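# An overview of the molecular structure
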Amino acid sequence: MAERLLSACSNLLSVFSDVEQKKVFVLTLDHLDHVESRVRSSSAALLADLVAVLGEAQFFVAFGRILDLIKRDLARDPGQADLPQNEVVRQKILEGQKVRGLSSQEIFHESAGWRHLETSMNGMKLLFEKNDPSKVVSQELFDLLNECTSHSNRFIRESAFYIASAILAVTLENNDLVPSFAQLIRRGISDNWSQVRMASSAAARAFLMALTEDERAKYYSLLLPPICINRYYIAAGVRIHNQETWRLLFPENGVK
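The chain is annotated in an unreviewed UniProt entry as IPO4/5-like TPR repeats domain-containing protein from Oikopleura dioica.

Right under this line is the structure:
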């Protein structure tokens, strides 16, 4: 019920008064840490819409809240006893998998969303996609993304690259971070999970297309080889996306 009400609010923002919008804003901030993942997801989506309406001050508040949640959950031990009920169920499933030859921790990290971290990462992605993130791009944020793109859980890696894509689509003003983002993307488009390759392929396109032609050429030796190879990747989404990226970069003389 809660997630449905939160989803419905997105369609009612235009008829809410300023006071009502701010009350809903406080509610969504609180529900970002709800025990139920669907409520967290609905809250994150509504929060991104609210910030677009309420403005820059609320953007910084929302960003700070999500950033704190991500940092908290990255530091958590997945063996802690305070897992939500849905994760307790997952753990039981994983124990069954353990009998078939894989450790539960290996499967847990690679195949299941890690508690609240996945929904918080998706919340930041939505916030950045619907609002300008340029004023919060910093070394601290890059270091966090770097940690998440190296995470053992593929869902976290995927979300981190989509966040990078949202950042790169609107800003490359912090020139000191441009080479670092290039190295980050290079790692992602060689990931062994196709979903992570897809997210990092989106980031690669956003990165290269945001640069001037002269600046772009500086990163060809780093990024073009994996982009070229991914044009033949087994997963159709990754393959088609990189083929289109290649055509955008080289509408003529692509072979050369």
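Following the structure, the description resumes.
## Quick look at the overall build of the chain
From N to C terminus, the chain includes 14 helices and zero strands. Walking the chain from its N terminus toward its C terminus, one meets helices and strands in the order α-α-α-α-α-α-α-α-α-α-α-α-α-α. In the chain, the proportion of contacts linking residues at least 24 apart, taken out of those at least 6 apart, comes to 73%.

## Some points on the pattern of salt bridges
When charged atoms on two side chains of opposite charge get close, those side chains can pair. Following the criterion strictly, the structure yields 10 salt bridges and no others. One salt bridge in this structure joins Arg-72 and Asp-33, with 2.8 Å as the shortest N-O distance. Of this pair, Arg-72 sits in helix α4 (residues 56–75) while Asp-33 sits in the loop between α2 (18–31) and α3 (37–54), placing them 39 residues apart in sequence. Residue class for Arg-72 comes out partly exposed when judged on its relative accessible area of 27%. Residue classification places Asp-33 among the partly exposed positions, given a relative accessible area of 26%. Taken together, the salt bridges that share partners define one network made up of Asp-33, Arg-72 and Asp-73.

## Here we look at the packing of aromatic side chains
On inspection of all chains with the given rule, the structure shows eight aromatic pairs. Both rings, one in Phe-59 and one in Phe-60, keep their centres 5.7 Å apart while their planes meet at 75°; by these two values the pair is edge-to-face. Taking relative accessible area as the criterion, Phe-59 reaches 4% and is therefore assigned buried. Between Phe-63 and Phe-128 the ring centres are 5.9 Å apart and the planes differ by 25°, which places this aromatic pair in the stacked class. Pair noted here: Phe-63 is in helix α4 and Phe-128 is in helix α7 (residues 117–130), with a separation of 65 residues, a long-range link.

## Some thoughts on helix α8 (residues 139–149)
Listed as buried for α8 are Leu-141, Phe-142, Leu-144, Leu-145, Cys-148 and Thr-149. Within α8, the buried residues cover an arc of 160° as seen down the axis, which keeps them to one side. In this structure, the buried side of α8 is in contact with α4, α7, α9 (154–168) and α10 (178–188).

## Here we look at the nonpolar core
Nonpolar side chains in soluble globular proteins tend to be buried together. Counting 66 residues, the largest nonpolar core has Ile-70, Met-124, Phe-128, Phe-181, Phe-207 and Leu-223 as its most contacted members. Split by domain, the residues of this core number at least three in each of domain 1 (1–76) and domain 3 (132–255).

## Details of the side chain of Arg-197
Structurally, Arg-197 is set in helix α11 (residues 194–210). As a buried residue without a salt bridge, Arg-197 has its nearest oppositely charged side chain in Asp-191, at a separation of 6.4 Å. At 2.6 Å, the side chain of Arg-197 forms a polar contact with the side chain of Asn-230. In this structure Arg-197 touches Gly-188, Ile-189, Ser-190, Asp-191, Asn-230, Tyr-233 and Val-238, once residues within four positions along its chain are discounted.

## Things to note about the packing of α4 against α7
When two helices pack together, you describe them by how their axes are tilted relative to each other and by the distance separating the axes. For the pair α4 and α7, interaxial distance at closest approach is 9 Å and the crossing angle is 155°. Classified by the angle between their axes, α4 and α7 sit roughly antiparallel to one another. Taken as a pair, α4 and α7 cross one another with a handedness that is left-handed. Together, Phe-59, Ala-62, Phe-63, Ile-66, Leu-67, Leu-69, Ile-70, Asp-73 and Leu-74 of α4 and Leu-117, Ser-120, Met-121, Gly-123, Met-124, Leu-127 and Phe-128 of α7 make up the contact between the two elements. Within the contact of α4 with α7, the residues separate by chemical class into 13 nonpolar, two polar and one charged.

## Quick look at the side chain of His-241
Assignment of secondary structure puts His-241 in helix α14 (residues 236–249). For His-241, a relative accessible area of 15% corresponds to the buried category. Those residues in contact with His-241 that lie beyond four places of it in its chain are Met-198, Ser-201, Ala-202 and Arg-205.

## Considerations on the confidence of the model for the chain
The predicted model of the chain averages 83 in pLDDT, with 81% of residues at 70 or higher. Highest mean pLDDT in the chain belongs to α14 (96); lowest belongs to helix α6 (residues 104–111) (49). Contacts from residues 79–83, a stretch scored under 50 in pLDDT, to residues over four places away or in other chains number seven contacts. Taken together, the stretch residues 108–113 has pLDDT below 50 and engages in 27 contacts with residues farther than four places along the chain or on a different chain.

What counts as what
Every residue gets a number counted from 1 within its own chain, in the order that chain's sequence is written. Totals for whole chains, interfaces and linings use every residue, but because this is a predicted model, local features are given only for residues with pLDDT of at least 70 and side-chain atom pairs only at 80 or more, for both listing and counting. Water and hydrogen atoms play no part in the side-chain values, which are based on all heavy atoms of the structure. The helix and strand labels rest on DSSP assignments: H or I over at least four residues marks a helix, E over at least two residues marks a strand, and numbering proceeds from the N terminus. Contacts were defined at the residue level, with two residues in contact if any of their heavy atoms lie within 4.5 Å. A pairing counts as a salt bridge when a side-chain nitrogen of Lys or Arg comes within 4 Å of a carboxyl oxygen of Asp or Glu. Relative accessibility under 20% of the residue-type maximum defines a buried residue, over 50% an exposed one, and the middle range a partly exposed one, all with a 1.4 Å probe and only protein chains included. Classification of ring pairs uses Phe, Tyr and Trp, with its six-membered ring standing for Trp, and accepts pairs whose centres are within 6.5 Å; under 30 degrees between planes counts as stacked, over 60 as edge-to-face, and the remaining range as tilted. Think of it as the arc spanned by the lines of direction from the helix axis to the C-beta atoms. The term nonpolar core refers to a set of buried residues drawn from Ala, Val, Leu, Ile, Met, Phe, Trp, Tyr and Cys, joined through side-chain atoms within 4.5 Å. Domain ranges listed in this record stem from an automatic or a database domain assignment. Charge convention: Lys and Arg are scored as positive, Asp and Glu as negative, and His as well as the terminal groups of each chain are ignored. Within 3.5 Å is the distance limit for a polar contact, defined as a pair of N or O atoms, with the added protein rule that one can donate a hydrogen and the other accept it, and that residues adjacent in sequence qualify only through two side-chain atoms. Orientation is described by axes fitted as lines to C-alpha atoms, over the contacting stretch for helices, and by angles from 0 to 180 degrees between their N-to-C directions. Roughly parallel refers to an angle under 35 degrees, roughly antiparallel to one over 145, roughly perpendicular to one between 65 and 115, and oblique to any angle outside these ranges. By convention the crossing between two helices is left-handed if the near helix lies anticlockwise of the far one by an angle smaller than a right angle, and right-handed if it lies clockwise. For this classification, Asp, Glu, Lys and Arg are treated as charged, while Ala, Val, Leu, Ile, Met, Phe, Trp, Tyr, Cys and Pro are nonpolar and the rest, including Gly, are polar. Per-residue confidence from the predictor is reported as pLDDT, a score between 0 and 100.

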